[in-house]
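# An overview of the molecular structure
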Amino acid sequence: MKNQTSFTGRIWQKAPFYEHLESIYEILLKKRKLTTPEKIQKFLAPDFHDLPDPWNMKGMKKAVDRIEQAIEKKERIMIFGDFDADGITSTVILVEGLRQLGAHVSYRIPDRNTHSHGLKRDAIKEIVSQEVSLLITCDCGTNDHEEVALAHELGMDVIVTDHHMSDPAQFPHAALAVINPHQPGCPYRGKGLSGAGVAWKLLSALAERNGKGHDFLAPFLEVCALGTVADCMQLTGENRILVKHGLQQLKQTQWSGLALLLERANILPENMDEDTIRFCIAPRLNAASRIGNVTIAAQLFLGEASGHAQRVAQLEQWNNDRQVLLQETLEQSFSQVRSHASCQTLHHPSWRPGVLGLVASRQVEMFRVPVIASSIREDGLLTASCRAPEGCSMISALHSAPELFGQFGGHDGAAGFVTSPEKWEAVIEALDTYFNRITRTTTPLSVDAWISPSLLNGALLQFLKSLAPFGPGNGEPVFGIRSVQVEDFSLMGEKKNHIRISGIAEDRRLDFTAFFADEFIDRVNVGQTLDIACTVSENIWNGERRLQLRVEDMRETT
């Protein structure tokens, strides 16, 4: 079939047509480099006992010994977490885990809209004034050299737990221990852990030291899965094991606040999957820091059960407010989009810092180039959130001109920085220069297989469930269905930005759903014949199981 541009402007990679399920199973396994029975078994049924030994992580023994000492001597311990969903879940794991082990522990999470990521000198001084002798960071600290040194000078021991790449010039050498698989000299093979994953590994080492087993760790495993999926980590290797087993725990969650949140969001336990985390739980946790008070999100796990109803209602309201604010900010940002630019650099002094990352993410989806969105904080500094499509490294771009950023960090796909407003034009020039050097092409759509509608059945669904959880490193399979004749379509959602399409292909009636379908709304007509690329899953509503075909892209059939 001739290459043809789709409704989203992408070329679809060529893929064979399959008439038998066994051939589809074979190609999907082969794409994941699962070529032997042993590899297939380990992937489809990941064994909890295959998790790497936490004691192989550099700094682990020092950290556990120091925490044990603090518990024994009833010292005050402070957990300092980051304000996103990964930081919140990391904090929950260590606060509640240490409490159950007998520690005298409190926690602090900074405000997203007035502070950047990481430790701050004022916070260190305030924590010291509370007679804290041991400070443990979650999802931050690796690049806080000066702040950790200050804490050490003021008499506090610091244990850093983090998963961000380290800048050698900012590495916290004054820390008693650093637990980060990316730090120099760490032999731990699981480099892809989230902040919550690193916190869970520390807790699992503490549990082993205290003779605690799986029953103790299980509730924290589901919180670890939340942080891992929310932070868009690779769902392969150790992360796949953690998330696969964590999702099973989530279906019978022991966290009453989380259970209530799911109930109010009409999420049934049997429907719990990675998309529930991405589109239901994580946005509500993040809304607390983007719009309101991040402590409310932490208290959903750590607070008294009597307050959960009020917390859930508040998170729901903040999430609704966040959606409205995001839409308003997005509409303002479109006027700054530069045609054919190698990256998009967006700025407005009054944009709320809490939605910058969401604006950048949405524009990456639309334009498939790196996006930097920035505003001015209350302290007068410029703060920016950066996102990049697969194949581009945002953190490498920032490292190309470190003198422009007072503070920066992150990953390939997501990063952030703080700088003075006067440097913004220089930042634009530097990032344009960096990304112009990279060969840029429109990201193609990878269709795993063209299939006959007759293969959309329970057997295929069961196999796809065994491949889950899906995410970075283990993308959800995309199937192409040819020559779908559109019989009906309707707009859905409060903003009418989702589409339901009903059509006929090979004499079978199929229903497709396209979410956030602005690119499709004016292109679909009754009577049209379309090739549709979609994912296949199961939706359970009112006890009825239905096939769900979620549109990834469409093009006219030629």
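The following paragraphs examine the structure supplied in this document. Remember, predicted model here, so these are calculated numbers, not experimental data.

The side-chain alternation of strand β11 (residues 407-410) yields one buried face, formed by Phe408 and Gly410, and one unburied face, formed by Gln407 and Gly409. Counted between consecutive antiparallel strands, the loop separating β11 from strand β12 (residues 414-419) contains three residues.

Before going further, it helps to examine the packing of aromatic side chains. Aromatic ring pairs: the centre-centre distance and the angle between the two ring planes describe each pair. Counted by the stated rule, this structure contains 10 aromatic pairs. Taking 6.1 Å as the distance between ring centres and 85 degrees as the angle between the ring planes, the aromatic pair formed by phenylalanine 48 and tryptophan 200 counts as edge-to-face. Of this pair, phenylalanine 48 sits in the loop between α2 (37-44) and α3 (60-72) while tryptophan 200 sits in helix α7 (residues 195-209), and the two are 152 residues apart along the sequence. Here phenylalanine 48 matches tryptophan 200 in class, with each residue buried. Following the ring pairs from residue to residue traces out a cluster consisting of Phe216, Phe220, Trp255 and Phe301. Looking at arginine 482, its charged tip hangs above the ring of tryptophan 450, at a distance of 5.0 Å from the centre.

Our focus in this paragraph is the packing of helix α8 (residues 214-230) against helix α9 (residues 237-250). In contact at an axis separation of 7 Å, α8 and α9 are set at 120 degrees when each is read in the N-to-C sense. Between α8 and α9, the angle falls in the class oblique. Remark: the crossing between α8 and α9 carries left-handed chirality. Contact with α8, carried on its side by Ala218, Pro219, Leu221, Glu222, Cys224, Ala225, Leu226, Thr228 and Val229, involves Asn239, Leu242, Val243, His245, Gly246, Leu247, Gln249 and Leu250 of α9 and no other residues of that element. Within the contact of α8 with α9, the residues separate by chemical class into 11 nonpolar, five polar and one charged.

Let's shift gears to a nonpolar patch on the surface. Together, Phe334, Met366 and Phe367 give the surface a local cluster of nonpolar side chains, amounting to about 240 Å² of exposed area. Locating phenylalanine 334 in the fold gives a position in the loop between α13 (308-333) and β8 (344-347). In this structure phenylalanine 334 comes out as partly exposed when scored by relative accessible area, which is 34%.

Here the focus is the sheet that holds strand β3 (residues 76-81). Reading across from one edge, β4-β3-β5-β6-β7 is the order of the five strands in this open sheet, with parallel pairing throughout. Strand pairing shows two members of the sheet lacking a second neighbour, β4 (104-108) and β7 (177-179), which therefore form its edges. The sheet shows a mean angle of 20 degrees between the axes of neighbouring strands, taken without regard to direction.

What counts and how
Every residue gets a number counted from 1 within its own chain, in the order that chain's sequence is written. Residues qualify for local features only when their pLDDT is at least 70, as the model is predicted, and side-chain atom pairs are given and counted only at 80 or more; totals for whole chains, interfaces and linings, by contrast, use all residues. Hydrogens and waters are ignored; side-chain quantities use all the structure's heavy atoms. Relative accessibility decides the category of a residue: with a 1.4 Å probe and only protein chains considered, values under 20% of the type maximum give buried, values over 50% give exposed, and everything between is partly exposed. The helix count covers DSSP runs of H or I at least four residues long, the strand count covers runs of E at least two residues long, and both are numbered beginning at the N terminus. We call two strands paired when DSSP finds no fewer than two bridges between them. To pair, rings of Phe, Tyr and Trp, with the six-membered ring standing in for Trp, must have centres within 6.5 Å; the planes then decide the type, stacked if under 30 degrees apart, edge-to-face if over 60, and tilted in the middle. Think of it as a cone above the ring: NZ of Lys or CZ of Arg counts as a charge over the ring if it is within 6 Å of the ring centre and within 35 degrees of the ring normal. Between N-to-C directions, angles span 0 to 180 degrees; the directions come from axes that are lines fitted to C-alpha atoms, helices contributing only their stretch in contact. Angles are sorted into four bins: roughly parallel if under 35 degrees, roughly antiparallel if over 145, roughly perpendicular if 65 to 115, and oblique for all others. Note on convention: the crossing is left-handed when the near helix lies turned anticlockwise from the far helix by less than a right angle, right-handed when the turn is clockwise. The contact rule is simple, with two residues in contact once any of their heavy atoms fall within 4.5 Å. Amino acids are sorted into nonpolar (Ala, Val, Leu, Ile, Met, Phe, Trp, Tyr, Cys and Pro), charged (Asp, Glu, Lys and Arg) and polar (every other residue, Gly among them). Nonpolar side chains (Val, Leu, Ile, Met, Phe, Trp, Tyr) within 5 Å and like charges within 9 Å form the patches, drawn only from residues with over 30% relative accessible area and no salt bridge. The method behind every accessible area is Shrake-Rupley, applied with a 1.4 Å probe, and residues are considered shielded solely by the protein chains displayed. Only one rule defines a salt bridge in this text: a Lys or Arg side-chain nitrogen within 4 Å of an Asp or Glu carboxyl oxygen.

Shape is all these values report; function is a separate question.
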